[in-house]
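# Structural overview for review
Residues per chain are reported as follows:
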Amino acid sequence: MRTLILSTVLSLTVPTGLLGCMATPPHKLVQSVVADTHLGWQTAPENQLAFSLATASGVAQVELQPLPEALTVVTLELPGMREVEYVQWENEHGESTILYDGEAGLEGVSLQSRGHGYRLQLQLSAMEYIRDGGVLTVTHRH
């Protein structure tokens, strides 16, 4: 009986923890804006959101819905991007902020080269920009 209860609890909690968004499925939080931007979901620790963006045009855009308060890190895998030119955030009021300008990022923004692409992480004060939802644009040089 104890084994049955434990396996039932694990089967309900492990998939949620792997998606990282607690009770909110990631596809409810992030959607592609540009037709050629392809979204892929990544596994992540609890309280984190991880996904990948691939684009043929060099401009990837996604719309983020308001994020749960418990979410502390957003990770984007950017396969195929050779050189990220900038990362811009635009909130629902049309106000935009450059999170990364090709050389440096705001506090809480890290961009790491991964061979054939990059990994972008947003955390700390960068999360305050994106927490209420808006559009994230990543461009790369051809």
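Just above sits the structure.
Residues numbered from 1 in each chain as written. Predicted model: local features only at pLDDT ≥ 70, side-chain atom pairs only at ≥ 80, totals over all residues. Heavy atoms only, no water.

The helix and strand inventory of the protein stands at 2 helices and 10 strands. Each helix (α) and strand (β) of the protein, taken in turn from the N terminus, gives the series α-β-β-β-β-β-β-β-β-β-α-β. Here the protein, with 142 residues, has 38% of them falling under the buried criterion. Relative to all contacts within the protein whose residues are 6 or more apart in sequence, the contacts with residues 24 or more apart total 63%. For the protein, the accessible area works out to roughly 8,000 Å², and carbon and sulfur atoms hold 53% of it. (Helix = DSSP H or I, 4+ residues; strand = E, 2+ residues; numbered from the N terminus. Buried < 20%, exposed > 50% of the residue type's maximum accessible area, 1.4 Å probe, protein only. Contact = heavy atoms within 4.5 Å. Areas by Shrake-Rupley, 256 points an atom, 1.4 Å probe, with all protein chains shown as cover.)

So, on to a negative patch on the surface. Together, Glu69, Glu92, Glu128 and Asp132 line one region of the surface with negative charge. Residue placement: Glu69 occurs in the loop between strand 4 (59-64) and strand 5 (73-79). (Patch = residues over 30% accessible without salt bridge, like charges linked within 9 Å, V, L, I, M, F, W, Y side chains within 5 Å. Salt bridge = Lys/Arg side-chain N within 4 Å of Asp/Glu carboxyl O. Lys, Arg positive; Asp, Glu negative; His and termini not counted. Charge placed at Lys NZ, Arg CZ, Asp CG, Glu CD.)

Further remarks concern the pairing of strand 10 (residues 134-140). Summarising burial for strand 10: 6 of the 7 residues are buried, a large majority. Where strand 4 and strand 10 come together, 6 bridges link them in antiparallel fashion. By the bridge assignment for strand 10, Val62 is matched with Leu136. For strand 6 (residues 84-91) and strand 10, the ladder comprises 7 bridges, and the chain directions are antiparallel. Bridge pairing in strand 10 links Gln88 to Thr137. (Pairing = 2+ DSSP bridges.)

The subject of this paragraph is the sheet that holds strand 8 (residues 109-113). Across the sheet, which stays open at both edges, the 5 strands sit in the order 2-3-5-9-8 with mixed pairing between neighbours. Two strands close off the open sheet at either side, each with one partner strand: strand 2 (37-41) and strand 8. If you compare each strand with its neighbour and ignore which way they point, the axes differ by 20 degrees on average. Pairing between strand 8 and strand 9 (residues 117-123): 5 bridges, direction antiparallel. The residue of strand 9 that forms the bridge with Gln112 is Arg119. (Axes fitted to C-alpha atoms, helices over the stretch in contact; angles between N-to-C directions.)

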